Every structure is written in structure tokens, then in C-alpha cells.
Amino acid sequence: MLDAIDKRLLTELQRDSNRSLDQLSEEIGLSRNACWRRVTRLEAEGYVLRRVAIADPAKLNLGLPVFIIVRTSRHAADATETLRNAVLGIPEILGAYRTAGEIDYILHARVPDVAAYDRLYKKLIAKLELLDVSASFVMEEIKAVTELPLDFA
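The rules we used
- Counting restarts for each chain, with residues numbered from 1 along the sequence as it is written.
- Selection of residues for local features in this predicted model requires a pLDDT of at least 70, selection of side-chain atom pairs for listing and counting requires 80 or more, and totals for whole chains, interfaces and linings are taken over all residues.
- Note that the side-chain values use all heavy atoms of the structure and ignore hydrogens as well as water.
- Among buried residues, the Ala, Val, Leu, Ile, Met, Phe, Trp, Tyr and Cys ones that are joined through side-chain atoms within 4.5 Å form a nonpolar core.
- The classification of residues rests on relative accessible area computed with a 1.4 Å probe and restricted to protein chains. Under 20% of the type maximum is buried, over 50% is exposed, and intermediate values are partly exposed.
- Secondary structure elements follow DSSP: runs of H or I of four or more residues count as helices, runs of E of two or more count as strands, with numbering from the N terminus.
- Two strands qualify as a pair provided that DSSP identifies no fewer than 2 bridges between them.
- Any two of the Phe, Tyr and Trp rings considered here, Trp counted by its six-membered ring, make a pair once their centres fall within 6.5 Å; the pair's planes then place it as stacked at under 30 degrees, edge-to-face at over 60, or tilted in between.

S.K.: Would you explain the nonpolar core in this entry?
M.R.: One broad rule of soluble globular proteins: the nonpolar side chains tend to lie buried together. I68, I93, L107, V111, Y117, L120 and L124 are the most contacted members of the largest nonpolar core, which totals 20 residues. Those elements that provide at least two residues to this core are β1 (64-71), α4 (77-88), β3 (105-111) and α5 (114-127).

This is the structure in C-alpha cells:
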């Protein structure tokens, strides 16, 4: 169970995990040792999966986010595993989600432009037997955060 201090720590770590332990403990109002123990416990208990740097997609020439809607004709376990293996091997695909309803999968990708998306599309259809594939190109990112809300913890 997370207490208020744990939630403050997680909030601050989600905002910037690069801060020193001294900075973090001062921000939270804990001693350095107490802060270190709590952060270590949060990591050990799996609340913190990993600490990463968030790169700027525009600086990496990946300015076009794309959501790819996939419908398949096969819904067997081996078909799902084939899709899983295919998307794991395509670095432009940042997220892949199996969904309920009319859409089978939603893929989130980042590419430089529409021509790069076309190459990605050709990779997908070469690896997978798909019923329908459509893409929505993001015109404007209104909200894109990495911080999870802690109100439900």
C-alpha cells in the first residue's frame, strides 16, 4: 500500500528520475537515508519498473506519430503470437495493443514522414496476414505524457 510520501516520491520520480538522492530527499522532506530506503522499496516492489530518458522525437527525425488500426481474420493464439513477434521486431512501433470490439489491434508508431510509414506498412503486411489495416496520422499532439496518475494507488 502506498502512503502519501510514496506517492510524492513516485510523482517526482516520474517527472525527473535523474535528480540526485539529495535533491529528491530535500524536495520530499525526508532524510537522505529514508528517501533511499523508500525509493529502493518502490523499485523492489515493482512500482518503478525502470528509469529512462525521454528523447525528443523531432530531434530524432520521428516527427510523425501514427496510430495503425489492424483487423485480422484469425484470432487463434498462434496468430496473436505471430503479430507479437512481428511488432517486437519493428522499432518504429512504440506500442501494440490487443483490443476488444471491432478493432483487433492498435499500433502506435513514430516515423519521419508518410513515405517512411509506407515502408513500415509494407514490413507489416510482409510479416502478417491481415484483413484490414488503416492509419491515422497525428496532426497535433494535444497531450502526451509519461506520468501515470496516482489517485487510484
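S.K.: Sorry if this is basic, but what is going on with the pairing of strand β2 (residues 93-98) here?
M.R.: Looking along a regular strand, one sees side chains alternate from face to face of the sheet. Where β2 meets β3, five bridges bridge the pair, whose relative direction is antiparallel. Opposite Y97, over in β3, you have I106 as the bridge partner. The turn joining β2 and β3, which pair antiparallel and follow one another in sequence, is formed by six residues; a positive phi near 105 degrees is taken by G101.

S.K.: What is the right way to look at the environment of I142 in this model?
M.R.: Along the chain, I142 falls in the segment after β4 (132-137). Counting along the chain gives 78 residues from I142 to L64, while the straight-line C-alpha distance between them is 14 Å.

S.K.: Any chance you could explain the packing of aromatic side chains here in plain terms?
M.R.: When we look at a pair of aromatic rings, we describe it by the centre distance and by the angle of the planes. Scanning all chains against the criterion turns up two aromatic pairs. Between Y117 and Y121 the ring centres are 6.4 Å apart and the planes differ by 40 degrees, which places this aromatic pair in the tilted class. With a gap of four residues between them, Y117 and Y121 both fall in helix α5, about one helical turn apart. Look at Y117 and you get buried, because its relative accessible area is 10%. Aromatic pair Y117 and F137: ring centres 5.3 Å apart, planes at 90 degrees, arrangement edge-to-face. Placement of the pair is Y117 in helix α5 and F137 in strand β4, with a sequence separation of 20 residues. Looking at F137, the relative accessible area reads 31%, which means it is partly exposed.

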